[in-house]
Amino acid sequence: MSEPLLKLEYVNKTFQSSKGAVQALHNIQLHVKEGEFITVIGPSGCGKSTLLKIIAGLDVQHTGEVRLGGQVIQGPGIDKGFIFQEPRLFPWLTVEKNIAADLSLRDPEVRKKVDELIELVRLDGFQKSFPRELSGGMAQRVAIARALLRNPKVLLLDEPFGALDAFTRTHMQEVLIDIWQKNKTTMIFVTHDIDEAIYLANRVVILKPRPGAIRNIVPIDLPIPRKKTTTSFQELRLKVLNEFEKIEELELIDSSGI
Ligand SMILES: Nc1ncnc2c1ncn2[C@@H]1O[C@H](COP(=O)(O)OP(=O)(O)OP(=O)(O)O)[C@@H](O)[C@H]1O
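This section reports on the structure supplied with the text.

Calculation notes
- Residues numbered from 1 in each chain as written.
- Predicted model: local features only at pLDDT ≥ 70, side-chain atom pairs only at ≥ 80, totals over all residues.
- Heavy atoms only, no water.
- Near = heavy atom within 4 Å.
- Polar contact = N/O pair within 3.5 Å; in protein donor to acceptor, adjacent residues only side chain to side chain.
- Areas by Shrake-Rupley, 256 points an atom, 1.4 Å probe, with all protein chains shown as cover.
- 1 Å grid on protein atoms, 1.4 Å probe; cavity = no way out; pocket = protein on both sides within 12 Å on 5 of 7 lines; lining within 4 Å.
- Points joined across faces, edges and corners; volume = space filled by probe spheres on them.
- Helix = DSSP H or I, 4+ residues; strand = E, 2+ residues; numbered from the N terminus.
- Nonpolar A, V, L, I, M, F, W, Y, C, P; charged D, E, K, R; others polar.
- Pairing = 2+ DSSP bridges.
- Axes fitted to C-alpha atoms, helices over the stretch in contact; angles between N-to-C directions.
- Contact = heavy atoms within 4.5 Å.
- Buried < 20%, exposed > 50% of the residue type's maximum accessible area, 1.4 Å probe, protein only.
- Salt bridge = Lys/Arg side-chain N within 4 Å of Asp/Glu carboxyl O.
- Phe/Tyr/Trp six-rings, centres within 6.5 Å; stacked < 30°, edge-to-face > 60°.
- Lys NZ or Arg CZ within 6 Å of the ring centre and 35° of its normal.
- Parallel < 35°, antiparallel > 145°, perpendicular 65-115°, else oblique.
- Left-handed = near helix turned anticlockwise from the far one by under 90°.

### Description of the site of the ligand
Okay, step 1: Taken together, Phe-15, Val-22, Ala-24, Pro-43, Ser-44, Gly-45, Cys-46, Gly-47, Lys-48, Ser-49, Thr-50 and His-192 make up the full set of residues adjacent to the ligand.
Okay, step 2: The separation between an oxygen atom of the ligand and a polar main-chain atom of Gly-47 is 3.0 Å.
Okay, step 3: Contact between the ligand and Ser-49: an oxygen atom at 2.9 Å from a main-chain N or O atom of the residue.
Okay, step 4: In isolation the ligand offers 630 Å² of accessible surface; the protein chains occlude 62% of this area.

Quick look at the structure:
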């Protein structure tokens, strides 16, 4: 079997806060294959964002080892694309210039790649538009295209559709699956939404809080395109919900001191 693209081995992360030490992550062990789509879900404060920041190299103050393509992650870099909840575009630049960012559109290779990405994220006709002229979903698609321009080994998405209305969110999920199928980029996607987690993933990683740890990993073997109304989808939904209930029960036992 080929080596996983991304390997987390016994990752622990503790924050020092005014209330003392907070263990955000405990012994996280996760292997991700190239081209996999992983979603990460769990209650608030279970360490989802911390995990993503560690993979992004934005937080290297942890123990354990994180390797991407065999190399220990020592900081941020273009091999790790990051998409936030808000698109973080440059308001004074057009769509195509936002995607190119610090690269020149006069470079024919950049021009070609930007044009391909504009088509991939379905923004044909909006090349010269400014961010203020775009909807939330369109702006987020620009952010995705910008991240993909650098051919990252992994794309890390921290609740990228959290601020969108339900209709746009569903559309964006379809667009992202399409991008993933065409581009084959490895994706790690954090969400609070169980349906979204199942709809997108090859595997759903369920975290539990205090300390943040992997509770379970649920493989999703549904064919694509998926439909949220099918029985097999609903069965997986119940399975994930069940895990959440178990987490809640553990939390109640914890807080009652039993
Ligand atoms: N900079 C920090 N200083 C101190 N504690 C922190 C810091 N960042 C996160 N934490 C704590 O670490 C734990 C995990 O936080 P994290 O933001 O990763 O959780 P999350 O699952 O992403 O939460 P949410 O779903 O609410 O965004 C929480 O208890 C949080 O309070």
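### Thoughts on the layout of surface pockets
Okay, step 1: Considering only enclosed or pocket space, the largest pocket measures out at about 470 Å³ in volume.
Okay, step 2: Contributing to the lining of the largest pocket are 22 residues, with Lys-80, Gly-81, Phe-82, Arg-146 and Ala-147 lying nearest its centre.
Okay, step 3: Of all the secondary-structure elements, those providing two or more residues to the lining of the largest pocket are strand E6 (80-83) and helix H4 (136-149).
Okay, step 4: Among the residues forming the lining of the largest pocket, the class breakdown is 13 nonpolar, three polar and six charged.

### Brief notes about the environment of Leu-149
Okay, step 1: When you line up the elements, Leu-149 lands in helix H4.
Okay, step 2: Separated by 67 residues in sequence, Leu-149 and Phe-82 place their C-alpha atoms 12 Å apart.

### Observations regarding the sheet that holds strand E10 (residues 213-219)
Okay, step 1: Spatially, six strands are ordered E6-E7-E8-E3-E9-E10 in an open sheet, and the strand pairing comes out mixed. Edge positions in the open sheet fall to E6 and E10, since each of these has one partner strand only. The average undirected angle you get between the axes of adjacent strands in this sheet is 20°.
Okay, step 2: As defined by bridge partners, strand E3 (residues 37-41) adjoins strand E9 (residues 203-208) across four bridges and the pair is classed as parallel. Bridging from a neighbouring strand, Thr-39 pairs with Val-204 of E9.
Okay, step 3: In this fold helix H1 (residues 48-56) packs onto E3, E6, strand E7 (154-158), strand E8 (186-190) and E9, with an angle of close to 155° to the strand it touches most, E7.
Okay, step 4: Strands E3, E7 and E8 of the sheet are contacted by helix H5 (residues 166-183), whose axis makes an angle of about 155° with E8.

### Details of the sheet that holds strand E4 (residues 63-68)
Okay, step 1: As summarised here, the arrangement of the four strands in space is E2-E1-E4-E5, forming an open sheet in which the pairing is antiparallel. Looking at the sheet topology across the chains shown, the edges are occupied by strand E2 (20-32) and strand E5 (71-72).
Okay, step 2: Of the strand pairs in this sheet, strand E1 (residues 6-17) and E2 are connected by nine bridges, and their pairing is antiparallel. Note on E2: the bridge partner recorded for Phe-15 is Val-22.

### Looking at H1
Okay, step 1: With seven of nine residues buried, H1 is to be regarded as a mostly interior element.
Okay, step 2: Following H1 by one or two positions, Gly-57 has its phi on the positive side, about 80°.

### Describing the pattern of salt bridges
Okay, step 1: The tally for this structure, following the rule as stated, stands at 18 salt bridges.
Okay, step 2: In this structure, Glu-65 engages Arg-67 in a salt bridge whose closest nitrogen and oxygen atoms are separated by 2.8 Å.
Okay, step 3: With a relative accessible area of 29%, Arg-67 lands in the partly exposed category.
Okay, step 4: Ionic pairing is found between Glu-96 and Arg-111, a salt bridge with its closest N-O pair at 2.7 Å.

### Points about the packing of aromatic side chains
Okay, step 1: This structure, assessed with the given rule, holds five aromatic pairs.
Okay, step 2: Geometrically, the ring pair formed by Phe-82 and Phe-84 is tilted, given 4.6 Å between the ring centres and 40° between the ring planes.
Okay, step 3: Where Phe-90 meets Trp-92, the ring centres are 5.5 Å apart and the plane angle is 45°; that geometry is what we call tilted.
Okay, step 4: The ring of Phe-15 carries Lys-13 above its face, with NZ or CZ at 4.7 Å from the centroid.
Okay, step 5: The cationic tip of Lys-228 hangs over the ring face of Tyr-199; the distance from NZ or CZ to the ring centre is 4.8 Å.

### What about the packing of helix H3 (residues 108-120) against H4?
Okay, step 1: Between H3 and H4, the shortest axis-to-axis distance is 10 Å and the interhelical angle comes to 140°. One element, H3, and the other, H4, form an angle in the oblique class. Crossing of H3 over H4 shows right-handed handedness. Residues Lys-113, Val-114, Leu-117 and Leu-120 of H3 lie in contact with H4, whose contacting residues are Ala-145, Leu-148 and Leu-149.
Okay, step 2: For the contact of H3 with H4, a count of residues per class yields six nonpolar, no polar and one charged.

Scope: geometric values only; no functional claims are made or implied.
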